[in-house]
Structures are given as structure tokens and as C-alpha cells.
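This is what each chain is made of:
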Amino acid sequence: DTAVSQTPKYLVTQMGNDKSIKCEQNLGHDTMYWYKQDSKKFLKIMFSYNNKELIINETVPNRFSPKSPDKAHLNLHINSLELGDSAVYFCASSLRQLDTQYFGPGTRLTVL
Amino acid sequence: AQSVTQPDIHITVSEGASLELRCNYSYGATPYLFWYVQSPGQGLQLLLKYFSGDTLVQGIKGFEAEFKRSQSSFNLRKPSVHWSDAAEYFCAVGAPGNTDKLIFGTGTRLQVFP
């Protein structure tokens, strides 16, 4: 069983569209994260949820909106996609904050 | 706020040679330190971590790292590299009691030649 799964793995879309990425973890963890990895492999945290509550909200455009329906799921919705949003987005989870994070396989988003 | 630096962008070694990847951090107290590995097209996987105690930490796949407070470093080592170790390696630092987020270094790409 995959510990942290993301769908879709690849996402190709036009500028201006709205898209969502889904993440699920079956590890029983309380904390989940969204990271963005750019073309130079730089990894930056976007959001973190602990027990469905938003605890980290970095300087991310309002077009990005996370939603955590329950502790096992953290989805990312992106409105009005821009070229600069092209990146690999990783979901991760940990038992508690600052503990070992388990990463999903990533979603490669390409905006044309 | 904490920060982390990986001075080496790209390292090339021969299979069987020893390896050391550098990581320097900036934080006023004892940080939480991690090394992650990312194989091509995959997510990150934890190699090892340091929270407290013994400053020499053993990890998976034969890796180890040593926390040196005097040098603000947490370098990753392996005595004999295998071709399958070719990947991107990330050092990360957490600042307990200060912020709940990990800061990742810019990564070091390891290439292994036969």
C-alpha cells in the first residue's frame, strides 16, 4: 500500500484554467504539507495542516487554496493557472510537526 | 529564522569511492536536522535525522551524518558509494520552539561513475 499518494501524477493544462491535485495518506499522521519544487529542484513549503487546521501558510498567491476534508486528505486547488505555476508539487505527511516527513510521488504540473 | 546551505551543487564520484556531502545551518539553538534523498521522478525519502543525543547518526542505505555544533554542520557520509546512490540529496533544518516548518537546502546532485 502506498503511504502517501497523489493524483494525478501529470497535469498539463492551459493558462487561465482551474485545476486540483489530491493527496491521501494512510499512515495515521496528524500533519500534512504541500511543497512546490521548481525546475532547479528548490523545494519550498506552501501550506501545512495539523488535524485539519491550517498552521503554515507561506507567501503563496490567493489562487492557491488548500482544503483538508479530514486528517487523511489534503487537496490543493489552483485557480487561473499561470505559466509560473509549472512545477512539481509534493504532498507530505508526518506524525507531528517537525518530525520525519513522508513524501508522495509528486504531481508534475505544466501550464501552457 | 533558521537557514541551511549546501555548498556543493553537483558532485561526481567513482563507484566504490567514499562520499561526503556538506550541509551548514544557521540557528541559535540546537536544530532538528534531516537528510533526504530524491531519486529521479520520485518523492523525497528520509535517510537519517538528528534531534538530540549521540552526534553521529546512522541512517538507511549505509549513510551516516555527524552533527558538529562548533562548525554548524551536519555532513552526510558514506564509505563506499554504489551506482544506485546517484540521486539528489537534500539537507533540511527545523527550529523547534521557533517555527513549525522545515527549511530545505538547495540540494546536491550526486553522479556515480562505474
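Please read all numbers here as calculations on a predicted model, not as lab measurements.

Conventions adopted
Residues numbered from 1 in each chain as written. Chains lettered and ligands numbered in written order. Predicted model: local features only at pLDDT ≥ 70, side-chain atom pairs only at ≥ 80, totals over all residues. Heavy atoms only, no water. Helix = DSSP H or I, 4+ residues; strand = E, 2+ residues; numbered from the N terminus. Rg over C-alpha atoms; globule rule 2.2 N^0.38 Å. Buried < 20%, exposed > 50% of the residue type's maximum accessible area, 1.4 Å probe, protein only. Contact = heavy atoms within 4.5 Å. Areas by Shrake-Rupley, 256 points an atom, 1.4 Å probe, with all protein chains shown as cover. Lys, Arg positive; Asp, Glu negative; His and termini not counted. Charge placed at Lys NZ, Arg CZ, Asp CG, Glu CD. Phe/Tyr/Trp six-rings, centres within 6.5 Å; stacked < 30°, edge-to-face > 60°. Polar contact = N/O pair within 3.5 Å; in protein donor to acceptor, adjacent residues only side chain to side chain.

Asks: Can you walk me through the overall build of chain A in this structure?
Replies: Counting secondary structure elements, chain A contains 0 helices and 11 strands. Its helices and strands taken in sequence order, chain A reads β-β-β-β-β-β-β-β-β-β-β from the N to the C terminus. The C-alpha atoms of chain A give 13 Å as radius of gyration, which agrees with the globular expectation for 112 residues (13 Å, within 12%). The buried share of chain A, taken over its 112 residues, is 46%. Looking at chain A alone, contacts between residues at least 24 apart form 55% of all its contacts between residues at least 6 apart. Carbon and sulfur atoms make up 50% of the accessible area of chain A, which amounts to about 5500 Å² in all. Side chains of chain A carry 13 positive and 11 negative charges; the gap between the two charge centres is 5 Å.

Asks: Would you mind going over the packing of aromatic side chains with me for this structure?
Replies: Here a ring pair, both rings aromatic, is described through the centre-centre distance and the interplanar angle of the planes. The final tally for this structure, using the stated rule, is 15 aromatic pairs over all chains. Both rings, one in Phe63 of chain B and one in Tyr89 of chain B, keep their centres 5.7 Å apart while their planes meet at 50°; by these two values the pair is tilted. You can see Phe63 of chain B sitting in the loop between β7 (56-58) and β8 (64-68) and its partner Tyr89 of chain B sitting in strand β10 (residues 87-94), a full 26 residues away along the chain. Tyr89 of chain B matches Phe63 of chain B in its accessibility class, with the two residues each being buried. Of the aromatic side chains, those joined through ring pairs into one cluster are Tyr33, Tyr35, Phe90 and Phe103 of chain A together with Tyr32, Phe34, Tyr36, Phe51 and Phe104 of chain B.

Asks: So what exactly am I meant to see when it comes to the side chain of Ser68 of chain A here?
Replies: Residues and elements named next belong to chain A. Relative to the elements of secondary structure, Ser68 occurs in strand β7 (residues 64-70). A polar atom in the side chain of Ser68 sits 3.1 Å from the backbone oxygen of Asp70. Of note is the side chain of Ser68, whose polar atom sits 3.0 Å from the backbone oxygen of His73. Other than its neighbours up to four places away in sequence, Ser68 contacts Tyr49, Lys52, His73 and Leu74.

Asks: Looking at this model, I keep getting lost on the side chain of Thr108 of chain B. Mind explaining?
Replies: Secondary-structure assignment places Thr108 of chain B in strand β12 (residues 108-113). Side chain to side chain, Thr108 of chain B and Gln6 of chain B meet in a polar contact 3.4 Å long.

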